[in-house]
Amino acid sequence: MKILFNPSRKSAAVDLPEWRSRLIQGFLLISLIILVARAVYLQALNKDFLQQQGQSRHLRVIEQNSQRGSIKDRNGEILAISAPVKSVWVDPKRVSATSEQIGQLADLLDMNKATVQERLSSDKRFVYLKRQLPPERANKIAELNIKGLYLKHEFYRYYPSRELAAHILGFTDVDGRGQEGVELAWQDVLTGEDGKRRVIKDRIGRVVEDVGQIRSPKSGQDVVLSIDSKIQYLAYRELARAVKEQHAKAGSIVALDVKTGEVLAMANYPAFNPNQRASMNNEVIRNRVLVDTFEPGSTLKPFAIAVALETGRVKANTLMETSGGMMRIGRAVIRDVRDKGNLTVSQVIQTSSNVGAAKIALLLPPKTFWEMLNRSGFGTETGIGFPGEASGQLRAYNKWRPIEQATMSYGHGISVSLMQLVRAYTLFATDGELKPITLLKRDTPAVGQKVISRETAQSVRKMLELAVQPEGTGSGARINGYRVAGKTGTAHKRLEKRKGYASDRYISSFVGFAPASDPRVIMAIMIDEPSDGRYYGGTVAAPVFSRVMEGTLRILNVPFDDSLGNLVTSPVPARLEDKG
Amino acid sequence: MIKLNIFLFMVLVICGLGIVTARYESRKLFMEQEEAQQLTEQLETEWNQLRLEQTTLAMPARVEKIARKELGMTMPPPAAGNILAIHPDHSSGATE
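Not measured: the values here are computed from a predicted model.

Q: Can you help me understand the pairing of strand β3 (residues 78-90) of chain A in this one?
A: Both faces of the sheet carry side chains from a regular strand, because those side chains alternate between them. Residue and element names in this part refer to chain A. Pairing between strand β2 (residues 71-72) and β3: 2 bridges, direction antiparallel. Bridge pairing links Ile-71 to Ala-80 in β3. Linking β2 to β3, which pair antiparallel, is a turn of 5 residues; within it Gly-76 sits at a positive phi near 85 degrees. With 10 bridges connecting them, β3 and strand β5 (residues 149-158) associate as antiparallel partners. The residue of β5 that forms the bridge with Val-88 is Leu-151. As judged from the 4 bridges shared by β3 and strand β4 (residues 127-133), these two strands associate in the antiparallel manner.

Shown next as structure tokens:
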């Protein structure tokens, strides 16, 4: 600048007013200040916002789906597993596809082209085209390269055992939340936690750097059930057969390991296929073993006898006055099927005499009898943790009338679930312990609560063994090679709307355990409204017990405790030679 | 003094290039890891599907049907086998 004003170069000298240079200087200064201010504004005040904006152009948060735990049986066989599937969704605003592409898409989706077209032209920003497609098919769809069409990673719950264990397992909804059964009860254990992580992606969408894990994904834990698939299959198959043959309304079966209290099998018929939501309705999805209650009938007699023995009111060989086969309490009459003469206490169980049981029950103070039933687990939940479990009904003893006390001894006026009944029988299968039951695998023997003395338990066990002898009511329950103990039950059903009982509708049941010398498995069967002419527990339910128990003992490799010729069951001649 | 400066400048340049290379390597390795992880996921998926398939094929109902109908097998009568208790004290350890 100064050169311009060099006085020696007169020719170039222009007499410029001084304000012009000031103006330029001022202008530059102001520009500088503006720039600095802008820089401060961006760098200091707006830094976070701008950095975030910058990062959002290459930083991405990726969702990491967690897998729901699987459900396995006690031997590790899979009962429920989550398989990855893809759901196809579109953003109709961004979709651009040729008619040909839409045609191919519709084919791959198994959908009508018009329906697909309609969904593509919806005015929402998120429309599912189809949920839960197998991965291979989804990949083919991805290869169509349709803009605005996206795949979402999801899991589909699959139950390979189909209806076999459907009532135990329950099912999940389309979003993978448990709705029934074990899926619901152990929902917290089974569900994992979805993870999120922040990554940097390059221009073509590859992840190039892991910036940080926001939340790591946690897979759901597996649940190992106490169920044995083979026993479960056997139980379901035989139950289904019996219900169909007897033209019954429904049936249930449950088997427990006596030592550990584990549920080895639990099945109901009719059942449903959890893989097909369409097959479900309220009638079939109910786990009747736990959710339904019924009047158990004669299967309850051993409890009245046990408490009478325990309190010393009777002995096994005490003779009861039962001849005539009927007794009168007030206006009510209790009848036996036929007059069996005078019976000992043992014979009361063996021949299932209502009159005998009622007479024994009436020897007891109501409170004592109530305590026995209460401590045997009637009227309270079993603690198995199954959703919707029924607790049954055991009315308070101070409201009992004598007739009620009498009928309760043979299982009327009290309602129980099949699970309560089978658990209560652990008293007689063990030496008087009520075993805690579980649906989860338990390796150690469970210690139960002592309810009756060892002597009483053994004495009742002997009576129950007599009941399945040829002279007893439950002879159909016998098994080749094993000693069996058990009790039949045949109860009239209660009328639905009125008081009283239906004369022609029954619930037939059988509860028993084997081998009687050292019980391993205890099993209860209930058949609702058999209507093929037969309805006694001994003819309807006991044969199911025999078939399922025989197979179960074989599966569990339980040694024989009786001679093999104890009854003739197998019409098929032995093909294999005994090789020792 | 100048020599020292030039030396330091060279060191600086080499370090700079080193960082660039290391960064590049790290991204490359990271991508490999990413691919390996995807492979893991893919294999896990396949493993699950195979397990599912195996379980489906081994369902007792199917096995029984094949054994009885196709192979003509029958259940041996109890007399055909012997069950020996290994631990006579508790029968739980019994095998065939």
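Having seen it, we continue.
Q: What is the right way to look at the packing of helix α12 (residues 301-310) of chain A against helix α15 (residues 366-375) of chain A in this model?
A: Packed helix pairs are characterised by how far apart their axes lie and by the angle those axes make with each other. All names here are of chain A. Contact geometry for α12 and α15: axes closest at 10 Å, N-to-C directions at 120 degrees. The pairing of α12 with α15 is recorded here as oblique in orientation. The element α12 and its partner α15 pack so that their crossing is right-handed. Contact residues: Phe-303, Ala-304, Ala-306 and Val-307 in α12; Thr-368, Phe-369, Met-372 and Leu-373 in α15. Within the contact of α12 with α15, the residues separate by chemical class into 7 nonpolar, 1 polar and no charged.

Q: When you look at the nonpolar core in this model, what are you seeing that I'm missing?
A: Taken as a class, soluble globular proteins show a tendency for nonpolar side chains to be buried jointly. All names here are of chain A. Val-254 and Ile-305 are the most contacted members of the largest nonpolar core, which has 130 residues in total. Element by element, the count of residues in this core is highest for helix α9 (residues 229-245), at 8 residues. Residue contributions to this core reach at least three from each of two domains, namely domain 1 (62-224) and domain 2 (229-276 + 287-564). Leaving out residues up to four positions away in the same chain, Val-254 has contacts with Val-263, Ala-265, Met-266, Val-289, Leu-418, Met-419, Val-422 and Ala-524. Core analysis: the next-biggest nonpolar cluster, separate from the first, contains 12 residues, Val-90, Leu-120, Leu-133 and Leu-149 among them.

Q: What should I look at first to understand the sheet that holds strand β9 (residues 250-257) of chain A in this one?
A: Hydrogen bonds along the backbone pair up the strands of a sheet, which may run parallel or antiparallel. Residue and element names in this part refer to chain A. Reading across the sheet, the 5 strands line up as β10-β9-β19-β18-β17 and stay open at both edges, with antiparallel pairing between neighbours. Strands with a single pairing partner mark the edges of an open sheet, and in this sheet they are β10 (263-269) and β17 (485-494). Each strand axis lies, on average, 10 degrees off the axis of its neighbour in the sheet, ignoring direction. Bridge analysis of strand β18 (residues 501-514) against strand β19 (residues 521-528) gives 8 bridges, and the strand direction is antiparallel. By the bridge assignment for β19, Gly-512 is matched with Met-523.

Q: Mind showing me how you'd approach the domain arrangement of chain A here?
A: Residue and element names in this part refer to chain A. Along its sequence, chain A is organised into domain 1 (62-224) and domain 2 (229-276 + 287-564). Taking only C-alpha atoms into account, the centre of domain 1 sits 47 Å from that of domain 2. With 22 residues of domain 1 at the interface, the matching set in domain 2 holds 19 residues. Among the elements of the structure, α6 (166-169) and α7 (181-185) are those that each provide at least two residues to the side of domain 1 that touches domain 2. Counted by class, the side of domain 1 that touches domain 2 contains 12 nonpolar, 4 polar and 6 charged residues.

Q: Sorry if this is basic, but what is going on with the packing of α12(A) against helix α14 (residues 354-362) of chain A here?
A: Residue and element names in this part refer to chain A. Between α12 and α14, whose axes approach to 9 Å, the crossing angle comes to 40 degrees. Between α12 and α14, the angle falls in the class oblique. Pair α12 / α14 crosses with left-handed handedness. Here Lys-301, Ala-304, Ile-305 and Ala-308 of α12 lie close against α14, whose contacting residues are Ala-357, Ile-360 and Ala-361. For the contact of α12 with α14, the residue count by class is 6 nonpolar, no polar and 1 charged.

Here is what the cut-offs are and how they apply
Residues numbered from 1 in each chain as written. Chains lettered and ligands numbered in written order. Predicted model: local features only at pLDDT ≥ 70, side-chain atom pairs only at ≥ 80, totals over all residues. Pairing = 2+ DSSP bridges. Helix = DSSP H or I, 4+ residues; strand = E, 2+ residues; numbered from the N terminus. Axes fitted to C-alpha atoms, helices over the stretch in contact; angles between N-to-C directions. Parallel < 35°, antiparallel > 145°, perpendicular 65-115°, else oblique. Left-handed = near helix turned anticlockwise from the far one by under 90°. Contact = placed C-beta atoms within 7 Å. Nonpolar A, V, L, I, M, F, W, Y, C, P; charged D, E, K, R; others polar. Core = buried A, V, L, I, M, F, W, Y, C linked by C-beta atoms within 7 Å. Buried ≥ 20, exposed ≤ 12 C-beta atoms within 10 Å, placed from the backbone. Domains from an automatic or database assignment.

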